[in-house]
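For reference, the chains in residue letters:
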Amino acid sequence: MLNLLIIDDNLYYSKNLINIIMENDSEYKIYKILTNGKEAFDTIINEKEKIDIILLDLNIPKCNGLEILERIKQNNLKKYLSSIIVISGRLDMIAKLKNNPYLYTFINKTQGFEQILRTIHELSEFKKESNIENKIKEQLKLLKFSNKLIGTKYLYDAILLILRNEDLYQKSLKQDIYPIIAKKYNVSAHNIKCNINNATVLMNCECEKNIVMNYFGFFDKKAEAKPKQVIEEIINKIKNDDLI
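A short tour of the structure in this document, coming up. (Residues numbered from 1 in each chain as written. Predicted model: local features only at pLDDT ≥ 70, side-chain atom pairs only at ≥ 80, totals over all residues. Heavy atoms only, no water.)

1. So, the overall build of the protein
A count of helices and strands for the protein gives 10 helices and 5 strands. Expected size for 244 residues packed as a compact globule is a radius of gyration near 18 Å; at 23 Å, the protein overshoots this value by more than 25%. When its C-alpha atoms are laid out on the principal axes, the protein stretches across 65 × 35 × 35 Å. With 244 residues in all, the protein has 43% of them scored as buried. Expressed as a percentage of contacts within the protein between residues at least 6 apart in sequence, the contacts between residues at least 24 apart total 64%. Accessible surface computed for the protein: about 13500 Å², of which carbon and sulfur atoms make up 48%. Treating the 37 positive side-chain charges of the protein as one cloud and the 32 negative ones as another, the clouds have centres 5 Å apart. (Helix = DSSP H or I, 4+ residues; strand = E, 2+ residues; numbered from the N terminus. Rg over C-alpha atoms; globule rule 2.2 N^0.38 Å. Buried < 20%, exposed > 50% of the residue type's maximum accessible area, 1.4 Å probe, protein only. Contact = heavy atoms within 4.5 Å. Areas by Shrake-Rupley, 256 points an atom, 1.4 Å probe, with all protein chains shown as cover. Lys, Arg positive; Asp, Glu negative; His and termini not counted. Charge placed at Lys NZ, Arg CZ, Asp CG, Glu CD.)

And the structure:
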């Protein structure tokens, strides 16, 4: 469930927006409704772990929406990258929104609640995808896979491909998964297989034995993980939220 922070001094508008969100989707929880910029920025800084998406009006008292966006940028709050949807009727202020990486998009209030709901859903899907990608990278980094090897990139693609398409979970790496990746890079499936094998061999040499044993459930210090084991174990940990 994603937590939404609503920043708007028009409580009547906010409550109507909340009703639409709650009636149409149980995936979201309203974390807070704040009506002034000072309180909003304090919350954004101090409670960032509890906030997933920000719905921000620009014309608010004490610190307007443009200033909040600028302060977020100045404080390098990476948690909020592409996580803010500006909802405003002030076209003059909307025109000043330029090159801010924390802004996902902006919506004119006259576009209505349905457009806002669609945009929240789009951002939610975007964040889920980014979250999965980051988790794969974190696990590969934990296992000491080298980013210098193309095989690590192919391995990442294989894991992401299967997570996106559950029908591929029981399919053969050699016959089904590797050919798809090979087509993407215009190389042979054999090339994909060899490079993933090489990256995995190096991982077994570079990664501490206790990490490998714990990660894959090995009892023998000499045991080495194979590509299929790496892919399956990372996928299972991500799907079961059992990350190390």
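2. A look at the environment of Gly151
For Gly151, the location among the structural elements is in helix H6 (residues 150-164). The class for Gly151 is buried, based on a relative accessible area of 1%. For Gly151 and Asp57, which are 94 residues apart along the polypeptide, the C-alpha to C-alpha distance reads 46 Å. Beyond its immediate stretch of four places on either side in the chain, Gly151 contacts Asn195, Ile196 and Ala199.

3. Structural notes on the pattern of salt bridges
Under the criterion given, the structure shown has 15 salt bridges. With a closest N to O distance of 3.6 Å, Lys128 and Glu125 form a salt bridge. Of this pair, Lys128 and Glu125 both sit in helix H5 (residues 113-142), separated by 3 residues, roughly a single helical turn. Taking relative accessible area as the criterion, Glu125 reaches 35% and is therefore assigned partly exposed. Notably, a salt bridge pairs Lys184 with Asp157, separated by 3.3 Å at the nearest N-O pair. With a gap of 27 residues between them, Lys184 in helix H7 (residues 173-185) and Asp157 in helix H6 connect regions that are remote in the sequence. On the basis of relative accessible area, Lys184 is assigned to the exposed category, the value being 57%. What emerges from the salt-bridge pattern is a single network uniting Asp8, Asp57 and Lys109. (Salt bridge = Lys/Arg side-chain N within 4 Å of Asp/Glu carboxyl O.)

4. Regarding the packing of H6 against helix H8 (residues 189-206)
Remark: H6 packs on H8, axes separated minimally by 7 Å, with the N-to-C direction vectors making an angle of 105°. The angle between H6 and H8 places the two elements in the roughly perpendicular class. Seen from H6, the contacting residues are Ile150, Gly151, Thr152, Tyr154 and Leu155; seen from H8, they are Asn191, Ile192, Asn195, Ile196 and Ala199. Considered class by class, the residues forming the contact of H6 with H8 number 6 nonpolar, 4 polar and no charged. (Axes fitted to C-alpha atoms, helices over the stretch in contact; angles between N-to-C directions. Parallel < 35°, antiparallel > 145°, perpendicular 65-115°, else oblique. Nonpolar A, V, L, I, M, F, W, Y, C, P; charged D, E, K, R; others polar.)

5. What to know about the sheet that holds strand E5 (residues 103-108)
As summarised here, the arrangement of the 5 strands in space is E2-E1-E3-E4-E5, forming an open sheet in which the pairing is parallel. Strands with a single pairing partner mark the edges of an open sheet, and in this sheet they are strand E2 (28-34) and E5. Each adjacent strand pair in this sheet contributes to an overall mean axis angle of 20°, direction not counted. Judged from the 3 bridges that link them, strand E3 (residues 53-56) and strand E4 (residues 84-88) form a sheet pairing that is parallel. Bridging from a neighbouring strand, Leu56 pairs with Val86 of E4. (Pairing = 2+ DSSP bridges.)

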